[in-house]
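Residue strings, one per chain:
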Amino acid sequence: MYILLALVGACVLGIAAHYMIGGRELRGVALTPAIATALAALFYTGLQWLGVGEGSIWLWVASIVGSVVIAAGATVAIVASRRRSDTSAKAALGI
């Protein structure tokens, strides 16, 4: 049941990261929270399988903070890729 705390925490911080990162018009509103939540599930489960207990701070830091940091980086990369793609498409169309 503790995994739900990690998933909800990562999702909430993912929502906050969505609003803090620019270029919201170039991505969906659920992109950053979805990436953060999926990564939190993977990190939490993986660390549990490796024997890290719920009492360890590293389980929570990796699954919540680590997943949000990686999701924010992925969101920045996706926005930059979308901007480059849009610029090249506009140049090809002569806009």
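In this text, all values refer to a predicted model and were calculated from it rather than measured experimentally.

Parameters at a glance
- Residues numbered from 1 in each chain as written.
- Predicted model: local features only at pLDDT ≥ 70, side-chain atom pairs only at ≥ 80, totals over all residues.
- Heavy atoms only, no water.
- Helix = DSSP H or I, 4+ residues; strand = E, 2+ residues; numbered from the N terminus.
- Rg over C-alpha atoms; globule rule 2.2 N^0.38 Å.
- Contact = heavy atoms within 4.5 Å.
- Areas by Shrake-Rupley, 256 points an atom, 1.4 Å probe, with all protein chains shown as cover.
- Salt bridge = Lys/Arg side-chain N within 4 Å of Asp/Glu carboxyl O.
- Buried < 20%, exposed > 50% of the residue type's maximum accessible area, 1.4 Å probe, protein only.
- pLDDT = per-residue confidence, 0-100.
- Phe/Tyr/Trp six-rings, centres within 6.5 Å; stacked < 30°, edge-to-face > 60°.
- Core = buried A, V, L, I, M, F, W, Y, C linked by side-chain atoms within 4.5 Å.

Would you take a moment to explain the overall build of the chain for this structure?
Broken down by element type, the chain carries three helices and zero strands. Secondary structure elements in the chain, listed N-terminal to C-terminal, are α-α-α. Computed over its C-alpha atoms, the radius of gyration of the chain comes to 16 Å, more than 25% above the 12 Å expected for a compact globule of 95 residues. With respect to the principal axes defined by its C-alpha atoms, the chain has extents near 60 × 20 × 15 Å. Of the contacts formed within the chain by residues at least 6 apart in sequence, a portion of 66% connects residues at least 24 apart. Put simply, the chain shows about 5800 Å² of open surface, and 74% of that area lies on carbon and sulfur atoms.

I'm lost on the pattern of salt bridges in this one. Help?
Enumeration according to the criterion identifies one salt bridge in this entry. Between D86 and R82 there is a salt bridge whose closest N-O contact spans 3.3 Å. Linking D86 with R82, this pair stays in helix α3 (residues 57-93), spanning four residues, or about one helical turn. Classification of R82 by relative accessible area gives partly exposed; the value is 37%.

Where do I start with the confidence of the model for the chain in this structure?
Interpretation of the predicted coordinates at a detailed level should be avoided for regions scoring low in pLDDT. Per-residue pLDDT for the chain has a mean of 93; in total, 100% of the residues score no lower than 70. For the chain, α3 is the element with the lowest average pLDDT, namely 94, and helix α2 (residues 31-49) is the one with the highest, namely 96.

Would you mind going over the packing of aromatic side chains with me for this structure?
Remark: the centre distance and the inter-plane angle together describe each pair of aromatic rings, the angle taken between the planes. Per the stated rule, a full pass over the model turns up two aromatic pairs. Between Y2 and W60 the ring centres are 6.4 Å apart and the planes differ by 90°, which places this aromatic pair in the edge-to-face class. Within this pair, whereas Y2 is found in helix α1 (residues 2-20), its partner W60 is found in helix α3, the two being separated by 58 residues in sequence. Overall, W60 belongs to the buried group, its relative accessible area being 18%. Pairing Y44 with W60 gives two aromatic rings, centres 5.6 Å apart and planes at 65°, and the pair type is edge-to-face. In this pair, Y44 sits in helix α2 while W60 sits in helix α3, placing the two residues 16 residues apart along the sequence. In this structure, Y44 and W60 share a single accessibility class: buried. A connected cluster of aromatic rings, assembled from ring pairs, spans Y2, Y44 and W60.

Quick question: what am I supposed to make of the nonpolar core here?
Taken as a class, soluble globular proteins show a tendency for nonpolar side chains to be buried jointly. Counting residues in hydrophobic clusters, the biggest one holds seven residues: L7, A10, A17, A36, A40, V68 and A71. Here the element with the most residues in this core is α1; it accounts for three residues. Setting aside chain neighbours within four positions, we find V68 in contact with A10, L13, G14, A17 and A36. A6, L59, W60 and I64 belong to the second-largest nonpolar core, a separate cluster that totals five residues.

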